[in-house]
Structures are given as C-alpha cells and as structure tokens.
Amino acid sequence: MDRRPVYYAVRMGVCVAVYVASWVLFALVGDSWLQLLVAALLAVVFSQFGFLAHDLGHRQVFRTRPPSDLAGLLFGNLAVGLGWGWWNSKHNRHHANPNHEDHDPDVSPAVIVFSADQVARSRGLPRLVARHQAFWFLPLLTLEAWHLHVASVKALLKPGARRRWQELGLLAAHFAAYFGAVFAVLPPGKALAFLAVHQGLFGLYLGCTFAPNHKGMPVLTKEDKLDFLRKQVLTSRNVRGGPVRDVLLGQLNYQIEHHLFPNMPAPNLRRAQPIVEDYCAEIGVSYLQTGLFASYRQALGHLHEVGASLR
C-alpha cells in the first residue's frame, strides 16, 4: 500500500513530454493527411492521461485530497477535456457496487443492455441495438469520447455541481485550444477527419481497456447479498500480461486487486495479484484471470447471449 512517488513522477513526466511533443509534431506536419497518424498517436496519449486521472481519483498518487484534485483537474479537464470531478464521482459509485444493475452507472442500459431483465424492460434505441449488440459494441465505442465530453458538461451545468466554474473554465480552455489548433492548422475537411480519427480512437482505446474488466461477468441485483470480497472478486476479471500489456491497459488488467484495494498504487497491483489469487483459492472464491482476446470473446459472447431473446 506504500505510495510510489518516483514511479508517478517519471510516469507523469513522460506523459506530459509525449503530449507536448505530439502537438509540436502536429504543428510541424501541417496541412497533410499524415495528420491522421498524429491523431492516432494523440488518442493513445489522451488515454494514458485518462489512466493517470483515474489513479489520482483513487488517491493512489497523493495521500491527501488537495494535490489529488489539482492534478486530476489538470490531467482530466485541461489536458483531455473530460470532467474529472463528475467522472470520479460516477466511478466511485461503480466501485461501491460493481456490475449491480440498480447501482452501477457502468451497467445502466443507456444503449447496451447487460442482462435478460434489462432486455425485458428495454425500449427504443437500447432494444433495437440489443438484437445484435455484440456486433455494435466496438463501433459504438468510437463515440465514447464524445459521450464523455458531453456528459461532463451536462453534469457541470446541473445545480449544485461541485467546483462548477473551475471545471467548466478548464474544459472551455481545453476545447478552445484544441479546436483552435486543429482548425488553424488544417482546412475544414482534414480538420473534421482529424477530429473523427482522434476522438474515435480515443473512445475505442478507453472502451477496449475497460471492457475486459467486468463485461461478461455476473450482473448483480437486489436479490444478491454478497460480502465485500465476493462482490468485488466475482464481478471482476483479470487480464494476463507482461510489462507492455500492463502499460497499454493502464495496469487496470489487475482489476480484481484494484477493486479490493482501490487506493493501492497501480505498479503494486501485480505484486498483490498472486497473494489475492492464492487467498481466493484457499477460501473457495472463484478468481478469473484470462488472456486479452479471451476476455473480449467472453464479454462479446455475453452481450450476444443477452440479446438472443430479441433475435
């Protein structure tokens, strides 16, 4: 549970350096279709900033709230245009009740449905999509970044929103600089293509990082009465991998350990993994760890099975 200040200082420094270098590269490439490759690079960089904002939200970096909040606002709102305060609140509700269809906002049937009960209650777009939602899942993820941007602003416009003007100001600064740079350097057609590729891949990357963690795992209802350990372990899935995969997935591939110890610094999760796995075996609790592509098969297979009644 010890903090890792050197690790996070290096990680933040590298991310900021690559972020700045990417925008310098954008300026140097200028009016060219090669900017679509820069857009793909920036999608990866934005996602890595999102992983840092996630760790800051769980106070994995700093023990106290003020520096965590300040860094979270800079990495979330200012750097990538996501409302850090709103997202952090939503994410904490997810941690409190993972995969619970009444309490987890991540399994709210806004478009995708996650259980037979949700299918039965679905109407409109969710019901239409549910028939073949396994097919639509990845294409829909290309809209996830836009959804997060819009949801951030909507949440901050609601009465009583915490730090409303600070967060809105940082979001306004981000989008003024972002759209200003893109349309200043590129003609309208290329600018729109850049935005589509960048935001589409940003959303796809984030979605493909989070999807293996819980999709396809048991969906809980009010009838399920589980203790903390079982509630977290039985609804989560780990993804095996080495150092490269850990970096690409923001070390969220140790999802079980992360849910049991949300403020454990990310680089320590791999150390906790064998301890947790052995303990679950000792007390007879199912512990699921699989490969990356197998996790996608399980998640998409579950979504396909859920929509079977509508086909």
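Structure first, text after, so check above.
Criteria and cut-off values
- Residues numbered from 1 in each chain as written.
- Predicted model: local features only at pLDDT ≥ 70, side-chain atom pairs only at ≥ 80, totals over all residues.
- Heavy atoms only, no water.
- Helix = DSSP H or I, 4+ residues; strand = E, 2+ residues; numbered from the N terminus.
- Rg over C-alpha atoms; globule rule 2.2 N^0.38 Å.
- Buried < 20%, exposed > 50% of the residue type's maximum accessible area, 1.4 Å probe, protein only.
- Contact = heavy atoms within 4.5 Å.
- Areas by Shrake-Rupley, 256 points an atom, 1.4 Å probe, with all protein chains shown as cover.
- Lys, Arg positive; Asp, Glu negative; His and termini not counted.
- Charge placed at Lys NZ, Arg CZ, Asp CG, Glu CD.
- Core = buried A, V, L, I, M, F, W, Y, C linked by side-chain atoms within 4.5 Å.
- Phe/Tyr/Trp six-rings, centres within 6.5 Å; stacked < 30°, edge-to-face > 60°.
- Lys NZ or Arg CZ within 6 Å of the ring centre and 35° of its normal.
- 1 Å grid on protein atoms, 1.4 Å probe; cavity = no way out; pocket = protein on both sides within 12 Å on 5 of 7 lines; lining within 4 Å.
- Points joined across faces, edges and corners; volume = space filled by probe spheres on them.
- Nonpolar A, V, L, I, M, F, W, Y, C, P; charged D, E, K, R; others polar.

**A short note on the overall build of the protein chain**
And step 1. Helix and strand content of the protein chain: 15 helices and two strands.
And step 2. In summary, the protein chain has a C-alpha radius of gyration of 20 Å against a globular reference of 19 Å for 311 residues, a match within 12%.
And step 3. Referenced to the eigenvectors of the C-alpha coordinate spread, the extents of the protein chain come out at roughly 60 × 50 × 40 Å.
And step 4. The proportion of buried residues among the 311 residues of the protein chain is 50%.
And step 5. If you take every contact in the protein chain between residues at least 6 apart in sequence, the share linking residues at least 24 apart comes to 67%.
And step 6. Just so you have it, the protein chain exposes about 14,600 Å², and 67% of that area is on carbon and sulfur atoms.
And step 7. Separation between the mean location of the 30 positive side-chain charges and that of the 20 negative ones in the protein chain comes to 5 Å.

**Here we look at the nonpolar core**
General note: in soluble globular proteins, nonpolar side chains tend to be found buried as a group.
And step 1. In terms of nonpolar packing, the biggest core is built from 42 residues, with Phe-49, Phe-194 and Phe-202 touching the most fellow members.
And step 2. No other element matches helix α2 (residues 35-57), which puts 11 residues into this core.
And step 3. Sequence-distant contacts of Phe-194, that is, excluding residues within four places in its chain, are made with Phe-26, Gln-35, Leu-36, Val-38, Ala-39, Leu-42, Tyr-178, Val-182 and Leu-186.
And step 4. Within the second largest apolar cluster, 14 residues are counted, among which are Ala-211, Leu-249, Leu-292 and Tyr-296.

**Things to note about the packing of aromatic side chains**
Aromatic ring pairs are reported here in terms of the distance separating the ring centres and the angle at which the planes meet.
And step 1. Overall, the coordinates contain 13 aromatic pairs when judged by the stated rule.
And step 2. Considering the side-chain rings of Phe-51 and Tyr-205, the 6.0 Å spacing of their centres and the 85° angle between planes classify their relative orientation as edge-to-face. With Phe-51 in helix α2 and Tyr-205 in helix α10 (residues 188-214), this residue pair connects regions lying 154 residues apart in the sequence. With respect to burial, Phe-51 and Tyr-205 carry one shared label: buried.
And step 3. Over the ring of Trp-165 we find Arg-164; its NZ or CZ atom is 5.7 Å from the centre of that ring.

**So, the layout of surface pockets**
And step 1. Empty space within the second largest pocket amounts to approximately 350 Å³.
And step 2. Taken together, 16 residues make up the lining of the second largest pocket; nearest its centre are Tyr-7, Arg-11, Cys-15, Gln-48 and Val-247.
And step 3. Mapped onto the lining of the second largest pocket, the elements with two or more residues apiece are α1 (5-29), α2 and α12 (243-248).
And step 4. Of all the elements, α1 adds the most residues to the lining of the second largest pocket, at five residues.
And step 5. In the lining of the second largest pocket, the residues fall into 10 nonpolar, three polar and three charged.

**What to know about unusual backbone geometry**
And step 1. With a phi close to 55°, Arg-59 is a non-glycine residue in the positive phi region.
And step 2. Along the chain, Arg-59 falls in the loop between α2 and α3 (65-80).
And step 3. On the basis of relative accessible area, Arg-59 is assigned to the partly exposed category, the value being 28%.
And step 4. One non-glycine residue, Gln-251, lies in the positive phi region at around 65°.
And step 5. The topology assignment puts Gln-251 in the loop between α12 and α13 (255-260).

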